[in-house]
Amino acid sequence: MALGKVESIDPANNTLGTIIEDETGMSYAFDDPNFPASGLTVGSPCTYDIDYASRIPVATNLQAYTPTSQDITTTVQGPLTLNVGETLNIKKGGMVNGNIVVNNANLVVEDTGGVTGEITVNSQGSFVIRKGGMVNGNIVVNKGSACKIINKGNVKGNIVVNSANRLIVGNDNGGGTINGSITVDKIRKVTITATSTINPTS
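Residues numbered from 1 in each chain as written. Predicted model: local features only at pLDDT ≥ 70, side-chain atom pairs only at ≥ 80, totals over all residues. Heavy atoms only, no water.

Things to note about the nonpolar core
- In this structure, Ile100, Leu107, Phe127, Ile139 and Ile149 are the most contacted members of the largest nonpolar core, which totals 28 residues.
- No other element matches strand E20 (residues 159–169), which puts 5 residues into this core.
- Sequence-distant contacts of Ile149, that is, excluding residues within four places in its chain, are made with Phe127, Ile129, Asn154, Val155, Ile159, Leu167, Ile168, Val169, Gly170, Gly176, Thr177 and Ile178.
- The next biggest cluster of nonpolar side chains, apart from the first, holds 13 residues, and it includes Ala2, Phe35, Leu40 and Cys46. (Core = buried A, V, L, I, M, F, W, Y, C linked by side-chain atoms within 4.5 Å. Buried < 20%, exposed > 50% of the residue type's maximum accessible area, 1.4 Å probe, protein only. Helix = DSSP H or I, 4+ residues; strand = E, 2+ residues; numbered from the N terminus. Contact = heavy atoms within 4.5 Å.)

Comments concerning a nonpolar patch on the surface
- Together, Val184, Val190, Ile192 and Ile198 give the surface a local cluster of nonpolar side chains, amounting to about 280 Å² of exposed area.
- Top contributing element to the nonpolar patch by residue count: strand E22 (residues 182–192), with 3 residues.
- Looking at the secondary structure, you find Val190 in strand E22. (Patch = residues over 30% accessible without salt bridge, like charges linked within 9 Å, V, L, I, M, F, W, Y side chains within 5 Å. Areas by Shrake-Rupley, 256 points an atom, 1.4 Å probe, with all protein chains shown as cover. Salt bridge = Lys/Arg side-chain N within 4 Å of Asp/Glu carboxyl O.)

Some words on unusual backbone geometry
- Residues Gly78 and Pro79 are joined by a peptide bond in cis, for which omega reads 5 degrees.
- Positionally, Pro79 belongs in the loop between strand E7 (75–77) and strand E8 (80–82).
- In this structure, Thr112 is a non-glycine residue whose phi angle is positive, near 70 degrees.
- Position of Thr112 among the secondary structure elements: in the loop between strand E12 (106–109) and strand E13 (114–115).
- You can call Thr112 exposed: its relative accessible area is 52%.

A short note on the sheet that holds strand E16 (residues 134–135)
- Spatially, the 7 strands line up as an open sheet ordered E7-E10-E13-E16-E19-E21-E23, and their pairing is parallel. Each edge of the open sheet is held by one strand with a lone partner, namely E7 and strand E23 (197–198). (Pairing = 2+ DSSP bridges.)

Looking at the pattern of salt bridges
- Applying the stated criterion across every chain yields a total of 4 salt bridges.
- Notably, a salt bridge pairs Lys5 with Asp22, separated by 3.9 Å at the nearest N-O pair. Here the residue Lys5 occupies a position in strand E1 (residues 2–9), and Asp22 occupies one in the loop between strand E2 (16–21) and strand E3 (27–31), the gap between them amounting to 17 residues.
- Residue Lys5 is classed as partly exposed on the basis of its relative accessible area, which comes to 41%.
- Overall, Asp22 belongs to the buried group, its relative accessible area being 16%.
- Asp71 is the salt-bridge partner of Lys91, the closest N and O atoms lying 3.7 Å from each other. Residue Lys91 is located in the loop between strand E9 (86–90) and strand E10 (95–97), and its partner Asp71 is located in strand E6 (residues 68–72); the two are separated by 20 residues in the primary sequence.

And the structure:
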């Protein structure tokens, strides 16, 4: 399941409409016969099922959820698991000593915050590593939404993407660095800017 918001509802058929995906801002059509009973309206946060490997992905099974957010600014012992609708922000002074599993949730590592272990992304979760944020271990994306290493974000290990929507390395604010390798199986789009660095020792 991915995370987003209801963008529009078809006035002629309220089982159809569009959603906006968190992190990427991409718009996708939805087709859900149970949508009228979901209680969702335009602007409502929602989870949904979507197959990014399809030629034209369509969201189904939309459900309401309540977003939650937590900041880490000190050292915390892992492992940690993020579940539906949770956002974990590891900020300046924050360090997770251990692994993190992201299940249909959002992980942000920024402002020199760090993760000493590995990150595993399931259930169309997302992660952003930016502004000097660092991950020492590998990142494995089994089923992800948006995967971003941007604006001086740094991954010391390898990145393995088994299935995801987007892998973005670098943006207009600065490049990202991946010291290891990138292995991709299924993904809709990969963007790597000229200011980014991949496996600099190879």
